[in-house]
Amino acid sequence: MDQALPVASTATTRRMRKTLLGTVPVSSPLYQLHPVTRFITLVFLGVVSLFIDVPEINILLIVMVFIYLHWAKVDMSNLKIYLPLTITVAIFMFTVSIGFPSRLPGYHTFQFLGITFYFESLYWTFASYWRLMAMLIGTIQYFSTNRERETLVAIRTLKAPFVITYFFSLALRSAGMFLEDMRTIREAERARGLDETSLALRDRAKLYVMYMIPLFTLAIRRTDEISNALYARGYTPSGKLENGVHRSDYILTKYPIRRIDIIVISAMIITFITVIILRVQFGIFAVAQSPLRIFLLSLWS
Amino acid sequence: MAAQATSVWTLEEGEVRKPGIVHIVALALFTGIGIVVGTFGSLAIPIGFVSAFWPGQAIQAVGSVWYGMWGGIAAFVFPLISNAMSGSAPLPVSLAYIPGNFVQGIAAGWVFRQFKLDPSLKTAKDWLGFTLVGILAANAFGAAWGTTVLRIFGLITPDAHLVAWVGWFLGNSVASWVLGVLLLKFISPLVVKTKAFCKGYWA
């Protein structure tokens, strides 16, 4: 009993919330923000780099996202699954850029290991890589910090029609159920003595394909069960009751929008519009303005 | 055999089919499955935005065969989420992929309905229709659209367009054909008996 108390207390302080891609402590300051504010970070961080070619700014944005994730106490170890992707994307992009460069007249060239490199083409690839990474990390941060329920609250707050919100919530839930079923099937196979580690890559691929048959069968059966349950409860695609009145939305009452949300959302919208105007009207944030590029070109002359 | 194949798509006497909540549920569940398969596919061979192995196209194709336009909608919705979760394409690129993904999905649904092919792939005509239109033509268009999007976004150089297209087309076609054939062959007999199966495009 004496030992049980501290254990229980530790468990309380370490309570974690499972998000779409990882886990975040319930005590994370991030949860002070309304789900719609967090949803707008997805749109803002996932799109703003589209208008910014300067790699230094995109690298800064990535650093800011990591600071934000650190502040939000996100378990960064979950993000390791993206490490191979960041490396292979770089290898792919630079291989393509070196093998099939853009060769416009006036481009600066240099020779290395018998290969001709086109500086402008190479630097464009460098800038595109960081722009891509900034947008990807901006997207991943959202899925690392939010649950299905919060996504649902966000789109309901934005007044999306019932059918859309219902569809998205069921789709995200169904992805979870599909994974759960897959885990059950794999465990059943292991219980019967299947050792996946001893299988050749081709056999593992075959096994993966064969999982699909029972998984789809389960999902199809579930379609009938869920639609029957919804019908029995009187749900319609419009979300209205028989008398034409909208169903009350209980979940939204649990998430009030506060002043901090309005400030953060306004800041993101103003920044976004400013970036677009600066880029489209004045050509700011173009790759030619990159300080590193200007410095490297100055070495040529 | 021919009469049996036709009967899958032909309305029974007095049969009325309307879109309903069952189709929305089927769309949602199919999108969920697509999210998982698409994410796994992208993470299995992480080349990033160039899709060198993506079994998700099989889900797109069989979805439109079974659920018509609902499958076509799922075909462009689930990649938006699976691309984001796998980190293979950012939101603007995924949005630009929408027409390509829609065609990749609906092509198979169109050929099966147009030529009254059996979803359980019983005759050579069924196999040919699925392979030529549902897989090869659909992926040829999808890869062309996808690589054009990458070029517009500056992610590949113009000179690399053809190479990227070939890689995308071959990688997607092989994975999708294998998975698609298995799904159609083994699951279609079950699906055609359900309420959600669409004889037309919407119901």
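This one's a predicted model, so the numbers in the text were calculated from it and none came from an experiment. All residue numbers here refer to positions counted from 1 along the written sequence of the relevant chain. Each chain takes a letter, starting from A, and each ligand takes a number, starting from 1, following the order in which they are written. Where totals are concerned, whole chains, interfaces and linings use all residues; where local detail is concerned, this predicted model gives features only for residues with pLDDT of at least 70, and gives and counts side-chain atom pairs only at 80 or more. As a rule here, side-chain values come from all non-hydrogen atoms in the structure, and water together with hydrogens is ignored.

### Re the overall build of chain A
The helix count covers DSSP runs of H or I at least four residues long, the strand count covers runs of E at least two residues long, and both are numbered beginning at the N terminus. When helices and strands are counted, chain A shows 11 helices and four strands. Both definitions apply: the radius of gyration is a C-alpha atom measure, and the globule rule equals 2.2 Å times residues to the power 0.38. Expected size for 301 residues packed as a compact globule is a radius of gyration near 19 Å; at 25 Å, chain A overshoots this value by more than 25%. Every one of the 301 residues in chain A was classed for burial, and the buried ones make up 41%. A separation threshold of at least 6 residues defines the contact pool for chain A, and within that pool the share at least 24 residues apart is 73%. Only the protein chains shown count as cover for residues, and all accessible areas are computed by the Shrake-Rupley method using a 1.4 Å probe. Accessible surface, chain A: about 17000 Å² in total, of which carbon and sulfur atoms supply 66%. Charge convention: Lys and Arg are scored as positive, Asp and Glu as negative, and His as well as the terminal groups of each chain are ignored. Charge positions come from single atoms, namely NZ of Lys, CZ of Arg, CG of Asp or CD of Glu. Side chains of chain A give 31 positive and 19 negative charges; the mean places of these two sets differ by 5 Å. Buried, partly exposed and exposed residues are distinguished by accessible area as a fraction of the type maximum, computed with a 1.4 Å probe on protein chains only: under 20%, between the cut-offs, and over 50%, respectively. In this analysis, two residues are considered to be in contact whenever any of their non-hydrogen atoms come within 4.5 Å of each other.

### With respect to the packing of aromatic side chains
Aromatic rings from Phe, Tyr and Trp, with only the six-membered ring used for Trp, were paired whenever their centres fell within 6.5 Å, and each pair was classed as stacked if the ring planes differed by under 30 degrees, edge-to-face if by over 60, and tilted otherwise. Enumeration according to the criterion identifies 32 aromatic pairs over all chains in this entry. Taken together, the aromatic side chains of A:Phe110, A:Phe112, A:Phe117, A:Phe119, A:Tyr123, A:Phe126, A:Tyr129, A:Trp130 and A:Trp300 make up a single cluster linked through ring pairs. Working rule: Lys NZ or Arg CZ, within 6 Å of ring centre, within 35 degrees of ring normal, means a charge sits over the ring. Sitting over the face of the ring of A:Tyr31, A:Arg17 holds its NZ or CZ atom 4.3 Å from the ring centroid. Across the ring face of B:Tyr201, the terminal group of B:Arg113 is positioned such that the distance to the ring centre comes to 5.5 Å.

### Considerations on the packing of helix α2 (residues 35-47) of chain A against helix α10 (residues 259-282) of chain A
Geometrically, a packed helix pair is captured by the angle between its two axes and the distance between the axes. Residue and element names in this part refer to chain A. Direction vectors running N to C along α2 and α10 enclose 15°, while the axes themselves pass 10 Å from each other. Of the possible angle classes, the one that applies to α2 and α10 is roughly parallel. Here the hand of the crossing between α2 and α10 comes out left-handed. Counted together, Val-36, Thr-37, Ile-40, Thr-41, Phe-44 and Val-47 of α2 and Asp-261, Val-264, Ile-265, Met-268, Thr-271 and Phe-272 of α10 form the full contact between these two elements. Note on residue classes: Ala, Val, Leu, Ile, Met, Phe, Trp, Tyr, Cys and Pro are nonpolar, Asp, Glu, Lys and Arg are charged, and everything else, Gly too, is polar. When grouped by side-chain class, the residues that make up the contact of α2 with α10 number eight nonpolar, three polar and one charged. In this analysis, axes come from line fits to C-alpha atoms, helices being fitted only over the stretch in contact, and the angle between any two N-to-C directions falls in the range 0 to 180 degrees. For classification purposes, angles smaller than 35 degrees are called roughly parallel, those larger than 145 roughly antiparallel, those between 65 and 115 roughly perpendicular, and all remaining angles oblique. The handedness criterion is simple: a crossing whose near helix is rotated anticlockwise from the far helix by less than a right angle is left-handed, and one whose near helix is rotated clockwise is right-handed.

### So, the environment of A:Arg279
Residues and elements named next belong to chain A. Note that Arg-279 resides in helix α10. Sequence-wise, Arg-279 and Phe-51 are 228 residues apart; in three dimensions their C-alpha atoms are separated by 6.4 Å. Apart from residues lying up to four places away in sequence, Arg-279 is in contact with Phe-51, Ile-52, Asp-53, Ile-284, Phe-285 and Ala-286.

### Looking at the interface of chain B and chain A
Each partner contributes to the interface: chain B provides 56 residues, whereas chain A provides 59 residues. Where chain B abuts chain A, roughly 5000 Å² becomes buried across the two surfaces, and 82% of that area is made up of carbon and sulfur atoms. When two parts are brought into contact, each loses some accessible area as probed by a 1.4 Å sphere; the total of that loss over both is the buried area. In terms of surface lost to chain A, no three residues of chain B exceed B:Ile21, B:Leu29 and B:Met85, which account for 13% of the buried area on that side. Any carboxyl oxygen of Asp or Glu within 4 Å of a side-chain nitrogen of Lys or Arg constitutes a salt bridge here. Seen at the junction of chain B and chain A, the total is zero salt bridges. Two N or O atoms form a polar contact when they lie within 3.5 Å of each other; inside protein one atom must be a possible hydrogen donor and the other a possible acceptor, and for residues adjacent in sequence the pair counts only when both atoms belong to side chains. The interface formed by chain B and chain A holds seven residue pairs in polar contact (both at pLDDT 80 or more) in total. At the level of secondary structure, the elements contributing two or more residues to the side of chain B that touches chain A comprise α2 (21-44), α3 (56-86), α4 (91-96) and α7 (161-191) of chain B. For the side of chain B that touches chain A, the per-class residue count stands at 45 nonpolar, nine polar and two charged.

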